[in-house]
Amino acid sequence: MSWIMIVLLLVASFLILVPMLSYLSAKRLVGRKIDSKLNGNRMLYFYSQNCSPCRAMTPIVDRLAGQYEGIVKVDVREDPETSRTFNIRATPTLVLMKDNVVTQVALGAKTESQMETMLKKLA
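Residues numbered from 1 in each chain as written. Predicted model: local features only at pLDDT ≥ 70, side-chain atom pairs only at ≥ 80, totals over all residues. Heavy atoms only, no water.

## Notes on the pairing of strand S1 (residues 42–47)
At step 1: Most of S1 is tucked away, with five of its six residues classed as buried.
At step 2: Bridge count for S1 against strand S3 (residues 93–98) is five bridges, and the pairing is antiparallel. Paired with methionine 43 across the strands is leucine 96, a residue of S3.
At step 3: Read as a crossover between parallel neighbours, the route from S1 over helix H2 (residues 52–67) to strand S2 (residues 71–75) is right-handed. (Buried < 20%, exposed > 50% of the residue type's maximum accessible area, 1.4 Å probe, protein only. Helix = DSSP H or I, 4+ residues; strand = E, 2+ residues; numbered from the N terminus. Pairing = 2+ DSSP bridges. Right-handed = clockwise from strand over helix to strand, strands pointing away.)

Here it is in structure tokens:
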């Protein structure tokens, strides 16, 4: 096996393992009670200003924040402590909390209807 093939296999493995680890980390968060400054029934939107999917989702989140209570935007660079508390490894990430317990974690870009469905679970 040539060294080029080995390098390609390593890169492919890396590209598969990193998203899988983020997904598994998010799923472990579900059901955990979180004690933070963000108590109550909330949808937390973790984003980064350098993230293209985040730039597409942010106007939708802002629009939904005007219609629903309990939406909190968290910039992972400006608030790394909260990001660490919730073990955020990828952006955008939506975390649904009910009575300080994480009930759902959604990784990646979501549509407005998907976010509204999540918000209806808070009521």
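## Remarks on the packing of H2 against helix H4 (residues 112–120)
At step 1: Between H2 and H4, the least distance of the axes is 10 Å, while the angle of their chain directions is 40 degrees. By the angle between their axes, H2 is oblique relative to H4. Relative to H4, the crossing made by H2 is right-handed. Packed against H2, whose contacting residues are Met57, Ile60, Val61, Arg63, Leu64 and Gln67, the element H4 presents Glu112, Met115, Glu116 and Leu119 at the interface. (Axes fitted to C-alpha atoms, helices over the stretch in contact; angles between N-to-C directions. Parallel < 35°, antiparallel > 145°, perpendicular 65-115°, else oblique. Left-handed = near helix turned anticlockwise from the far one by under 90°. Contact = heavy atoms within 4.5 Å.)

## Considerations on a nonpolar patch on the surface
At step 1: A surface patch of nonpolar side chains, about 1,000 Å² in accessible area, is lined by Trp3, Ile4, Met5, Val7, Leu8, Leu9, Val11, Phe14, Leu15 and Val18.
At step 2: By the secondary structure assignment, tryptophan 3 is in helix H1 (residues 3–29). (Patch = residues over 30% accessible without salt bridge, like charges linked within 9 Å, V, L, I, M, F, W, Y side chains within 5 Å. Areas by Shrake-Rupley, 256 points an atom, 1.4 Å probe, with all protein chains shown as cover. Salt bridge = Lys/Arg side-chain N within 4 Å of Asp/Glu carboxyl O.)

## Considerations on the packing of aromatic side chains
At step 1: Enumeration according to the criterion identifies two aromatic pairs in this entry.
At step 2: Considering the side-chain rings of phenylalanine 46 and phenylalanine 86, the 5.6 Å spacing of their centres and the 50 degrees angle between planes classify their relative orientation as tilted. Of the two residues, phenylalanine 46 is situated in strand S1 and phenylalanine 86 in the loop between helix H3 (80–85) and S3; the sequence distance between them amounts to 40 residues. As far as burial versus exposure is concerned, phenylalanine 46 and phenylalanine 86 are alike and both buried.
At step 3: Here the guanidinium or amino end of lysine 73 rests over the ring plane of tyrosine 47, the centre of that ring lying 5.5 Å away. (Phe/Tyr/Trp six-rings, centres within 6.5 Å; stacked < 30°, edge-to-face > 60°. Lys NZ or Arg CZ within 6 Å of the ring centre and 35° of its normal.)

## Comments concerning the sheet that holds S2
At step 1: Judged by pairing direction, the sheet is mixed, and its four strands sit side by side in the order S2-S1-S3-S4 without closing on themselves. Only two strands of the sheet have a single partner each, and these edge strands are S2 and strand S4 (101–107). Direction aside, the axes of adjacent strands within the sheet are offset by 20 degrees on average.

## Examining unusual backbone geometry
A negative phi holds for most residues other than glycine; trans holds for most peptide bonds.
At step 1: A cis geometry characterises the amide bond from threonine 91 onward to proline 92, with omega recorded as -5 degrees.
At step 2: Even without glycine at this site, asparagine 87 takes up a positive phi of about 55 degrees.
At step 3: Topologically, asparagine 87 is positioned in the loop between H3 and S3.
At step 4: Even without a glycine there, the phi angle at asparagine 100 is positive, about 65 degrees.
At step 5: With respect to the element layout, asparagine 100 can be found in the loop between S3 and S4.
At step 6: Overall, asparagine 100 belongs to the buried group, its relative accessible area being 16%.

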